[in-house]
Amino acid sequence: NEHVDEINHTIHQVRARSEDTDTTRFTSIADGPVAVGDIVATRRNERHLHTTSGDIVRNRELWTVTAINDDGDLTVTDLTGTSTVTLPAEYAMEHVRLGYAATEYGTQSATETASITLASTATTGRGLYVAMTRGRDDNRVYVVTDTHEMSEARDVLEGIVASDRADIPAVVQRRQLAQQDRRPPCPQPRCQIPGWFHDLRADAGDNYRQAREALDDSMTKRARLVEIVDGAARRIADANTMCAPFDAALDASSDAVKQAEAAQRAAQQRLDQSGLRQRRQARSELAAANETVTETRELLADARVQAREPHARRNIARQQIETARNMLRNHDILTNWNYLPEHLSAAEAHVDALVTWHDWATGKPVTQDRLFDTVTTLHDIAAHEPDNGTRQLANVIHEWAEQHGVELSRPVVQQHRTIETGIEIDL
């Protein structure tokens, strides 16, 4: 987190130096100024904000700022360019951050062309693995050291790789002992963390990854189906263009047959009604009409033969587009039945709640608003999974709040004003 803040702070400094001469419009978000064209990340689920495609704004989604309104509202578009939403200024001040850099946790399940990782003694082996497997073409790691000695960088990397092991390498242990005097005092734990908590959090992380993969797979499959429908639509358009002259010839031949048959019936009627003097002429007219009918029917038969192959291709194209549309329709129905976006949002809220609870239990500062959301989420999970321990975690916070006179309700004052005045409750 410190390195992410350093990167974003550097971006802020460069932008601040150019504000006096640049005509680009700026506004403030949670971690500094932002301009049109910047990539930002929303850091809180907001079910009341809907994009143009009908989705809600979710935590850790990346957006491109496309407009800054006079009141500070941000108009953003997702990185695919398909959905747009306007974020209120209050939400932007509290829950929107620059998206150029993220923690390893924030990049899980992401796939990019290249990745750059900043590693230090605080990086874990698992975190490094996540960060170094994000790029398809290139993955680089830059080690933060106190000197320019290559040996120190190697020592840091050795410590990172060994950070998940019980045995700490001697060089890492020696450095940690040397730095203990410079470390700030550790926060005092508020309660004991149950032994099963880490398994619960690991399961929540697995559920989140599975929900993300399921939604990503569904979106990928839908994109392929849309491509198939578009390809079938192009083929049916090409088939219609190819069949147009044959259809015109068939229509003309069919009309000619109908006219010849009508003339034939009229000639037959005149023959039936003619007297002795007109009968010879009537027979001649009927014979000519019969000959015309025969000729037009032969032309119609020839037109049908010539149109047979183009019409067969068009029928195949019609069947293909109907099949593709049915597959896309069935996929959308199954996606709605499976509630994939909702499952991902719930899994993400579960992970955030457990992370917040762990921060609170270990003594880290947690805002009242964040603690309230954590308790609410834990109770919601316990209502569906009563035996997984989440209700016990929520009850621990309730008991602590009663002992310390803390009200577990959402503060009325806007969060960004609370931060500006420095009134942030150290729960």
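If you're wondering where the values come from, they're calculated on a predicted model, not measured in any experiment. (Residues numbered from 1 in each chain as written. Predicted model: local features only at pLDDT ≥ 70, side-chain atom pairs only at ≥ 80, totals over all residues. Heavy atoms only, no water.)

Draft legend 1. Layout of the nonpolar core. One finds L354, W357, W360, L378, L393 and I397 to be the most contacted residues of the largest nonpolar core, which totals 27 residues. Secondary-structure elements contributing two or more residues to this core are α6 (197-273), α8 (340-361), α9 (368-384) and α10 (390-404). Ranked by residues supplied to this core, first place goes to α8 with nine residues. Contact partners of I397, with chain neighbours within four places excluded, come to W357, W360, L371, V375 and L408. (Core = buried A, V, L, I, M, F, W, Y, C linked by side-chain atoms within 4.5 Å. Buried < 20%, exposed > 50% of the residue type's maximum accessible area, 1.4 Å probe, protein only. Helix = DSSP H or I, 4+ residues; strand = E, 2+ residues; numbered from the N terminus. Contact = heavy atoms within 4.5 Å.)

Draft legend 2. Just the sheet that holds strand β7 (residues 74-78), in detail. Strand order in the open sheet formed by five strands is β8-β7-β6-β3-β9, and the pairing between neighbours is antiparallel. At either margin of the open sheet sits one strand with a lone partner, and together these are β8 (84-87) and β9 (96-98). Put simply, the sheet's adjacent strands are angled 45° from each other on average, direction ignored. Relative to strand β6 (residues 61-68), strand β3 (residues 39-42) is paired through four bridges, and the arrangement is antiparallel. (Pairing = 2+ DSSP bridges. Axes fitted to C-alpha atoms, helices over the stretch in contact; angles between N-to-C directions.)

Draft legend 3. How the structure looks around unusual backbone geometry. Backbone geometry places R60, a non-glycine residue, at a positive phi of 75°. The phi torsion at Y339 lies on the positive side, around 50°, for a residue other than glycine. Turning to its location among the elements, Y339 is positioned in the loop between α7 (276-338) and α8.

Draft legend 4. Main features of the environment of A282. Here A282 is to be found in helix α7. The buried category is assigned to A282, whose relative accessible area is 6%. Sequence separation between A282 and Q269 is 13 residues, and the spatial gap between their C-alpha atoms is 9.2 Å. Setting aside chain neighbours within four positions, we find A282 in contact with R270, L271 and S274.

Draft legend 5. Spatial organisation of a nonpolar patch on the surface. A surface patch of nonpolar side chains, about 360 Å² in accessible area, is lined by I116, L118, Y142 and V144. Looking at the secondary structure, you find V144 in the loop between β11 (135-143) and α4 (150-161). Relative accessible area serves as the criterion here: at 37%, V144 is assigned to the partly exposed category. (Patch = residues over 30% accessible without salt bridge, like charges linked within 9 Å, V, L, I, M, F, W, Y side chains within 5 Å. Areas by Shrake-Rupley, 256 points an atom, 1.4 Å probe, with all protein chains shown as cover. Salt bridge = Lys/Arg side-chain N within 4 Å of Asp/Glu carboxyl O.)

Draft legend 6. Highlighting α8. Its 22 residues place the ends of α8 32 Å apart at the C-alpha level, agreeing with the 32 Å of an ideal helix rising 1.5 Å per residue. Across the 22 residues that make up α8, a large majority, 16, are buried. (Expected span 1.5 Å × (residues − 1).)

Draft legend 7. Region of the structure containing the packing of aromatic side chains. Tallied over the full model, the rule gives three aromatic pairs. Ring plane angle 35° and centroid distance 5.1 Å describe the contact between F197 and W357, whose orientation is recorded as tilted. Of this pair, F197 sits in helix α6 while W357 sits in helix α8, placing them 160 residues apart in sequence. Just as F197 is buried, W357 falls in that class too. Ring-pair connections join several aromatic residues into one group, and the members of that group are F197, W357, W360 and W400. (Phe/Tyr/Trp six-rings, centres within 6.5 Å; stacked < 30°, edge-to-face > 60°.)

Draft legend 8. Representation of a negative patch on the surface in the model. A cluster of acidic side chains, namely E291, E295, E298 and D302, defines a negative patch on the protein surface. The residue E298 is located in helix α7 in this model. For E298, a relative accessible area of 49% gives the class partly exposed. (Lys, Arg positive; Asp, Glu negative; His and termini not counted. Charge placed at Lys NZ, Arg CZ, Asp CG, Glu CD.)

Draft legend 9. Highlighting the side chain of D73. Along the chain, the position of D73 falls in the loop between β6 and β7. Residues in contact with D73, not counting those within four places in the same chain, are A67, I68, T86, L87, P88 and A89.

Draft legend 10. Up close: the environment of R140. Locating R140 in the fold gives a position in strand β11. Given the relative accessible area of 45%, R140 is considered partly exposed. Considered as a pair, R140 and S115 are 25 residues apart in the sequence and their alpha carbons are 6.3 Å apart. Ignoring anything within four residues of it in the chain, the contact list for R140 reads S115, I116, T117 and M132.

Draft legend 11. View of the packing of α8 against α10. It is the contact of α8 with α10, at a shortest axis distance of 12 Å, that shows an interaxial angle of 40°. For the element pair α8 / α10, the angle class is oblique. By crossing handedness, the relation of α8 to α10 is classed as left-handed. Facing H350, L354, W357 and W360 of α8, the residues of α10 in contact are T390, L393, V396, I397 and W400. Within the contact of α8 with α10, the residues separate by chemical class into seven nonpolar, two polar and no charged. (Parallel < 35°, antiparallel > 145°, perpendicular 65-115°, else oblique. Left-handed = near helix turned anticlockwise from the far one by under 90°. Nonpolar A, V, L, I, M, F, W, Y, C, P; charged D, E, K, R; others polar.)

Draft legend 12. How the structure looks around the pattern of salt bridges. Tallied over the full model, the rule gives eleven salt bridges. Taking the shortest distance from any N to any O, the salt bridge between R44 and D373 comes out at 2.7 Å. Here R44 is found in the loop between β3 and β4 (46-50), whereas its partner D373 is found in helix α9, with 329 residues between them in sequence. A single salt-bridge network, built from bridges that share partners, covers D359, K364 and R370.

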